[in-house]
Amino acid sequence: MADFFRILIVSSLGLSWGHSSIYTPKTEICWTTKEIPVVDYSDLTLEDFYTNYSNYPLIIKGLASQWPAFNWSFDSIGESCPEANIVSMKFEMGNWGSLGAEKEENFAAFAKSLGEETCLMEDCSRYGFDFQIVDECPELTHDFKIPRFFSQCLLQKAFRKEAPEDPFLVKYSWPTLMMGPTGTRSEAHYDQEGLPFWMAVFEGKKIFRIIPPAENQPLIEEGSDFPGVLRDSVRSAILPEAFKKHYYYDFEMFRPMEYVDKYPRICDLTVREGFVEAGDIIYIPNSSPHGAVNLSPTIAVTANYASPIDIVATRFYRHRCEEREKRSNYQSICHTLDNLGKLEFDDVNYFEYAGSSFEDWCLRRQRAYNQWGKVWTSHRERGLTIEKQHKSLLQFCTRMGYVLKLK
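Residues numbered from 1 in each chain as written. Predicted model: local features only at pLDDT ≥ 70, side-chain atom pairs only at ≥ 80, totals over all residues. Heavy atoms only, no water.

**Student:** Please provide a residue-by-residue account of the state of the cysteines, values included.
**Tutor:** Per the counting criterion, the structure on display carries 3 disulfides. Across the disulfide from Cys30 sits Cys267; the S-S distance is 2.0 Å. Classification of the bridge connecting Cys30 and Cys267 rests on its S-S torsion, roughly -85 degrees, and on that basis the disulfide is left-handed. Here the residue Cys30 occupies a position in the loop between helix H1 (2-12) and strand S1 (32-35), and Cys267 occupies one in the loop between strand S14 (248-249) and strand S15 (270-277), the gap between them amounting to 237 residues. (Disulfide = S-S within 2.5 Å. Helix = DSSP H or I, 4+ residues; strand = E, 2+ residues; numbered from the N terminus.)

**Student:** Account for the packing of aromatic side chains, naming residues and giving values.
**Tutor:** In total, this model carries 21 aromatic pairs according to the counting rule given. Both rings, one in Phe107 and one in Phe131, keep their centres 4.2 Å apart while their planes meet at 15 degrees; by these two values the pair is stacked. Here Phe131 lies in strand S6 (residues 126-131) and Phe107 lies in helix H4 (residues 107-115), a separation of 24 residues in the sequence. The interplanar angle of 65 degrees and the centroid separation of 5.4 Å between the aromatic rings of Phe243 and Tyr249 together place this pair among those described as edge-to-face. The burial state of Phe243 is the same as that of Tyr249; both residues are buried. Here the aromatic residues Phe49, Tyr50, Phe149, Phe150, Trp198, Tyr283, Tyr305 and Phe345 are joined through ring pairs into a cluster of three or more. The ring of Phe91 has Arg185 lying over it, and the distance from NZ or CZ to the ring centre is 3.9 Å. (Phe/Tyr/Trp six-rings, centres within 6.5 Å; stacked < 30°, edge-to-face > 60°. Buried < 20%, exposed > 50% of the residue type's maximum accessible area, 1.4 Å probe, protein only. Lys NZ or Arg CZ within 6 Å of the ring centre and 35° of its normal.)

**Student:** I'd like to hear about the environment of Gly100, residue by residue, with values.
**Tutor:** With respect to the helices, strands and loops of the structure, Gly100 is situated in strand S5 (residues 99-106). The spacing of Gly100 and Ser88 is 12 residues in sequence and 8.8 Å in space, taken between C-alpha atoms. Excluding its chain neighbours within four sequence positions, the residues that come into contact with Gly100 are Met89, Lys90, Glu92, Asn95 and Arg126. (Contact = heavy atoms within 4.5 Å.)

This is how it looks when you write it as structure tokens:
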């Protein structure tokens, strides 16, 4: 009976379990495939990372297995925040990452369905995406670290003063949580402003395909506002004829041969491919189109970041400061660059990363929720979300020994 349900579910995803299950294997693709380097976390120094790997994808083996989050299960994370909601998405070409059809679902129910032997969701092609841990389930923030390689972020530093009280400053919510069943995927896309990112996988296995600019120089041309690696231009995109606005591509990285007639230069690409398992962290550099497929039900946390010692990132933001109005957000970033002081790269928890003590964060977020509740009283759906997040904050801060009063 279990095999029957497995076949039924896979068929509903448009997949097969033959040699071409879920994705086209690299041996059947015309582009050049190279493996993503894999380094054990105990062998990787900060100097080594920024000297040898910052322009290339990298899998850091075993680092995430050192944290309590490595013991997360689909049941346990759901029990941590039973009233939270997660936005799920499904494969839909013509959108960022080929993800669309947003739907809000109960976080615990979504997680529990992934932990079953067979998927029990109504739609097993839905991917739980960008769950804002700090607002929806702050209990989980103590279970993982921001690795030292990524612990200094210009965006966090530039906006940390006002961030706890700004409901729209999404960057303050990084890292976020991702969770999805077998076969769910994101297709070829850039992240916001071409930012690099890291992802720690705590459950399951993923395959990544990445197009690093450093290995695709002949295919970089005038495109969008991304930092160009090893080029002078900050307006560059790889394979621009297939690039669409809103940071996505009009072809599938995991079934690329279907698009070669339309975009012949797909065959000229150099693509890095690698498998990321529970306990691993993957790093993807600036302006690198990428996609991933969940090969089994997965739980991961992820964050974009901009390192102050990343030459490509700092050049990009300097250019933006010169180009944009002085009152723009970019000026805050450049002001931060001019006043960095001493940088210390350590594994840090969320609150250290956000530049706030736990007590200060609880107090300022409490004030923010009070204000947001007044602002959103006329918007029922948003008002209910604010009320629910406020309740979650109060419960969490109280459990951690910091008592707040609901006003």
